[in-house]
Amino acid sequence: MRYAAIDVGSNAVRMLIAEIIENNESISFKKITLIRVPVRLGDDAFLNKEISEKKAIDLIKSMQAFRNLMDVYKVADYMACATSAMREALNGPEVVARIKTEANIDLQIVHGESEAKIIYNSHAEINIDKSKNYLYIDVGGGSTELSLFSEGQIIASQSFNLGTIRILDNQDKDETWTEMKDFIREHTKGLKNIYGIGTGGNINKLYKLSQEKDGAALSYLKLRALYNYLDSFSLKDRINVLGLNHDRADVIIPACEIYLTVLKCANIKNIYVPTVGMVDGIIQTLIEKNYTTAR
């Protein structure tokens, strides 16, 4: 049994194909293939409030390729979600209709709250201490999702229009930064020893660059030092000297800025990076849907 997850983000489009593993009462999954295409829809959506024809064609071609791969892998079920860029593009529904016609894929434009819930689902298999407090932080190209958990229960969750592409395009607003900080202060008030859990391509890359041992937390101080180190290189040198992909080398700086702001505001000293993302959450969502229905 194989499932596929498609994440149409503001910076890249991803597809994960996973093998579903049934072991007595436990259902898990093993990643078979993960494909990432740097379409970068956010540049159009945040500046012009629409997806250009060129970007739409690139997206449709990517989705056609995904459909062909799903057929070859004999995928039993899939879920395709579009986030911040498609939410803001006025022609988003029109592009969704074209994808259905030309690629035979049903793409859903999900709200920020739904996005946060799917991202949280990606942590179903992480062994965390339920007695502690955790702030889940997912930084994307167009939005940042924050979810606060205390003793295993969700206290608050919100999506903010702050993302790496939005910052690069100077489309972030001071009031949104203030709103996010106010949200953090209000909901973390009185909570002690909060730990961060970071998801998304940028924090995964930062964690890899930090050379921390698998499973070890990344400290705020080390993340800040890493930010200063990366920021000391030009964009060209981040690509040529440090070996970052072109579409990662520019967004990793604003991503750092968001993570550092959130950690400082919440007085978080350590962040765990389980190296999962939206696609992992989508697979878990499909498992919950299908196996709950089956029972």
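Residues numbered from 1 in each chain as written. Predicted model: local features only at pLDDT ≥ 70, side-chain atom pairs only at ≥ 80, totals over all residues. Heavy atoms only, no water.

**What to know about the packing of helix 9 (residues 220-231) against helix 12 (residues 252-265)**
Point 1. It is at 10 Å that the axes of helix 9 and helix 12 come closest, and there the two elements cross at 155°. When the axes of helix 9 and helix 12 are compared, the pair comes out roughly antiparallel. Along this stretch, helix 9 crosses helix 12, giving a crossing that reads as left-handed. From helix 9, Tyr220, Leu223, Arg224, Tyr227, Leu230 and Asp231 reach across to helix 12, where they touch Ile252, Ile253, Cys256, Glu257, Tyr259, Leu260, Leu263 and Lys264.
Point 2. Taken together, the residues of the contact of helix 9 with helix 12 break down into ten nonpolar, no polar and four charged. (Axes fitted to C-alpha atoms, helices over the stretch in contact; angles between N-to-C directions. Helix = DSSP H or I, 4+ residues; strand = E, 2+ residues; numbered from the N terminus. Parallel < 35°, antiparallel > 145°, perpendicular 65-115°, else oblique. Left-handed = near helix turned anticlockwise from the far one by under 90°. Contact = heavy atoms within 4.5 Å. Nonpolar A, V, L, I, M, F, W, Y, C, P; charged D, E, K, R; others polar.)

**With respect to the nonpolar core**
Point 1. Grouped together as the largest cluster of nonpolar side chains are 39 residues, with contacts concentrated most on Leu135, Ile137 and Leu146.
Point 2. Elements with a contribution of two residues or more to this core: strand 6 (133-139), strand 7 (144-150), strand 8 (153-160), helix 7 (174-188), helix 8 (201-210), helix 9 and helix 12.
Point 3. It is helix 12 that contributes the most residues to this core, ten residues altogether.
Point 4. With near-sequence residues (within four places) excluded, leucine 146 lies in contact with Leu135, Tyr136, Ile137, Ala156, Ser157, Gln158, Phe160, Met180, Phe183, Ile184 and Val262.
Point 5. Among the nonpolar cores identified, the runner-up in size contains 32 residues, and Val13, Met63, Ile105 and Leu107 belong to it. (Core = buried A, V, L, I, M, F, W, Y, C linked by side-chain atoms within 4.5 Å. Buried < 20%, exposed > 50% of the residue type's maximum accessible area, 1.4 Å probe, protein only.)

**Examining empty space enclosed by the protein**
Using a probe with the size of a water molecule, rolled over the atoms, empty space left in the structure can be pinpointed.
Point 1. Applying the stated criterion across every chain yields a total of one cavity of 30 Å³ or more.
Point 2. Roughly 40 Å³ of volume is contained in the largest cavity.
Point 3. If you go around the largest cavity, the residues you meet are Ala116, Ile119, Tyr120, Tyr136, Asp138, Glu145, Leu146 and Ser147.
Point 4. Of all the secondary structure elements, the ones that give two or more residues to the lining of the largest cavity are helix 5 (112-121), strand 6 and strand 7. (1 Å grid on protein atoms, 1.4 Å probe; cavity = no way out; pocket = protein on both sides within 12 Å on 5 of 7 lines; lining within 4 Å. Points joined across faces, edges and corners; volume = space filled by probe spheres on them.)

**Some remarks on the environment of tyrosine 134**
Point 1. Its place among the elements puts tyrosine 134 in strand 6.
Point 2. Once the C-alpha coordinates of tyrosine 134 and alanine 266 are considered, the two residues, 132 residues apart in sequence, prove to be 10 Å apart.

**What about unusual backbone geometry?**
Point 1. Although it is not a glycine, asparagine 104 sits at a positive phi angle of roughly 55°.
Point 2. Inspection of the secondary structure assignment puts asparagine 104 in the loop between helix 4 (92-103) and strand 5 (107-109).
Point 3. The exposure class of asparagine 104 is partly exposed, given its relative accessible area of 43%.
Point 4. Residue asparagine 170 is not a glycine yet carries a positive backbone phi of 55°.
Point 5. Examined against the element boundaries, asparagine 170 turns out to sit in the loop between helix 6 (164-168) and helix 7.

**Thoughts on the sheet that holds strand 2 (residues 13-23)**
Point 1. Taking strand neighbours across the sheet as the criterion, the five strands line up as 3-2-1-4-5 in an open arrangement whose pairing is mixed. Looking along the sheet, the strands with just one partner apiece sit at the ends: strand 3 (26-37) and strand 5. Sheet twist, expressed as the average angle between the axes of neighbouring strands with direction ignored, equals 25°.
Point 2. As paired elements, strand 4 (residues 77-82) and strand 5 share three bridges and run parallel to each other. In the strand pairing of strand 5, cysteine 81 is matched with glutamine 108.
Point 3. Contacting strand 1 (2-8), strand 2, strand 3, strand 4 and strand 5, helix 2 (residues 53-72) runs over the sheet at an angle of about 20° to strand 2. (Pairing = 2+ DSSP bridges.)

**Some details on helix 12**
Point 1. A rise of 1.5 Å per residue sets the reference length of helix 12, with its 14 residues, at 20 Å; its end C-alpha atoms lie 20 Å apart and thus fit the reference within 8%.
Point 2. Counting buried positions along helix 12 gives eleven out of 14 residues, so the element sits mostly inside the fold.
Point 3. The set of residues buried in helix 12 consists of Ile252, Ile253, Pro254, Ala255, Cys256, Ile258, Tyr259, Leu260, Val262, Leu263 and Cys265.
Point 4. Asparagine 267, located one to two residues past helix 12, shows a positive phi value of around 55°. (Expected span 1.5 Å × (residues − 1).)

**Focus on the packing of helix 2 against helix 4**
The relative placement of two packed helices is expressed as an angle between their axes plus a distance between the axes.
Point 1. Remark: helix 2 packs on helix 4, axes separated minimally by 9 Å, with the N-to-C direction vectors making an angle of 40°. Here helix 2 is positioned oblique relative to helix 4, judged by the angle of their axes. For the element pair helix 2 and helix 4, the recorded crossing hand is right-handed. In this structure, helix 2 contributes Glu53, Ala56, Ile57, Leu59, Ile60, Met63, Gln64 and Arg67 to the contact, and helix 4 contributes Val95, Arg98, Ile99, Glu102 and Ala103.
Point 2. Residue composition of the contact of helix 2 with helix 4, grouped by class: eight nonpolar, one polar and four charged.

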